[in-house]
Amino acid sequence: MKPDGALQTFIDDVELVVGTTDDEYEITKRVAERLSALLASDYRLPPEVTRPSNEHHVNYPLYIAPDNSWSLASVVWNVGQRTPVHGHETWGVVGIYSGAEHELRYAKPTAAESVRPLTPAGEHVWERGQVTVCCTTDDDVHTVAAVGNVPTVGIHVYGANIGTIERRLYDPATGAVRRFVSGWNAPAVDGGHLQPSSDR
Ligand SMILES: [Fe+2]
């Protein structure tokens, strides 16, 4: 997808932030400010990256940095869809473009901890126009569900090519971990078919 003017300006802004510092807390704070402004400007995503799938939530790439240092995605849940409990292994900022999402967070187990049930760390319903820092590398475990009667669309910014890096899926009841790579979905052109994607 070729970014339009407003999205290209946002991409340029994030590029500048990412190129200025390696501090995840500084990056996410500044990216969140810019994403809030983008959403407040009534920016409209192209329709081909806001279409849900009946099978699972989908990740459309809006921009992937040539060096894979960060990526921008439109993530779409159909009504009632939810993610498994998952991690991101990098920083992330999420803005709600339409609909609403319910997020349940968990404390990230440290490498030294034995496998044991995950500890819930709060929940929140995020609504249109709101922006949240979903992740830093040390605090990145959650599950997300679309709530309400319309699909949920989020604009997500991550500190890596989120579709290609290896990440963790958790069984919250036991703490068991499975590795996965989410992949990317192709924008839904008319009559086209979504490419499969396992999990976010
Ligand atoms: Fe997530």
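The structure this text deals with has already been given above.
Nothing here was measured: the structure is a model prediction, and the numbers come from that model.

Parameters and conventions
- Residues numbered from 1 in each chain as written.
- Predicted model: local features only at pLDDT ≥ 70, side-chain atom pairs only at ≥ 80, totals over all residues.
- Heavy atoms only, no water.
- Helix = DSSP H or I, 4+ residues; strand = E, 2+ residues; numbered from the N terminus.
- Contact = heavy atoms within 4.5 Å.
- Buried < 20%, exposed > 50% of the residue type's maximum accessible area, 1.4 Å probe, protein only.
- Polar contact = N/O pair within 3.5 Å; in protein donor to acceptor, adjacent residues only side chain to side chain.
- Expected span 1.5 Å × (residues − 1).
- Donors = N, O, S within 2.8 Å, 3.2 Å for Na, K, Ca; no water.
- Patch = residues over 30% accessible without salt bridge, like charges linked within 9 Å, V, L, I, M, F, W, Y side chains within 5 Å.
- Areas by Shrake-Rupley, 256 points an atom, 1.4 Å probe, with all protein chains shown as cover.
- Salt bridge = Lys/Arg side-chain N within 4 Å of Asp/Glu carboxyl O.
- Lys, Arg positive; Asp, Glu negative; His and termini not counted.
- Charge placed at Lys NZ, Arg CZ, Asp CG, Glu CD.
- Axes fitted to C-alpha atoms, helices over the stretch in contact; angles between N-to-C directions.
- Parallel < 35°, antiparallel > 145°, perpendicular 65-115°, else oblique.
- Nonpolar A, V, L, I, M, F, W, Y, C, P; charged D, E, K, R; others polar.

K.L.:
Which residues make up the environment of W91, and what values go with them?
P.N.:
Within the fold, W91 resides in the loop between β3 (85-86) and β4 (92-98). Once the C-alpha coordinates of W91 and R105 are considered, the two residues, 14 residues apart in sequence, prove to be 15 Å apart. Those residues in contact with W91 that lie beyond four places of it in its chain are V18, E24, I27, T28, V31, W70, C135, T136, T137, V157, Y158 and G159.

K.L.:
Pulling in residues and values, what's your account of the environment of E89?
P.N.:
Relative to the assigned elements, E89 resides in the loop between β3 and β4. On the basis of relative accessible area, E89 is assigned to the partly exposed category, the value being 21%. For E89, the contacting residues outside a window of four places in its chain are K108, T137, D140, E166, R167 and R168. In this structure the side chain of E89 is engaged in a polar contact, spanning 3.4 Å, whose partner is the side chain of K108. At a separation of 2.7 Å, a polar atom in the side chain of E89 contacts the side chain of R168.

K.L.:
Explain helix α1 (residues 5-20) to me, using residue names and the numbers behind them.
P.N.:
Here α1 contains 16 residues, and its C-alpha end-to-end distance of 23 Å stays within 8% of the 22 Å for a straight helix at 1.5 Å per residue. Among the structural elements, α2 (24-40), β1 (58-64), β2 (71-77) and β9 (152-158) are those in contact with the buried residues of α1.

K.L.:
Got a sec to walk through the coordination of the iron ion? Specific residues and values, please.
P.N.:
The coordination sphere of the iron ion contains the protein donors H86 (NE2), H88 (NE2) and H142 (NE2), at a distance range of 2.1 to 2.2 Å. Mapping the donors of the iron ion onto the primary sequence yields the spacing H-x1-H-x53-H. Within this pair, whereas H86 is found in strand β3, its partner H142 is found in strand β8 (residues 141-147), the two being separated by 56 residues in sequence. Of the two residues, H86 and H142, both sit in the buried class.

K.L.:
Tell me what's going on with a negative patch on the surface, and back it up with residues and numbers.
P.N.:
A cluster of acidic residues, D12, D13, E15 and D67, forms a negative patch on the protein surface. Checked against the element boundaries, D13 lands in helix α1. Look at D13 and you get partly exposed, because its relative accessible area is 30%.

K.L.:
So what's going on with the packing of α1 against α2? Residues and values would help.
P.N.:
The N-to-C vectors of α1 and α2 enclose an angle of 170°; their axes lie 10 Å apart at closest approach. Taken together, the axes of α1 and α2 lie roughly antiparallel to each other. Where α1 approaches α2, its residues A6, L7, F10, D13, V14, V17 and T20 are matched on the opposing element by I27, R30, V31, R34, L35 and L38. When its residues are assigned to classes, the contact of α1 with α2 shows nine nonpolar, one polar and three charged.

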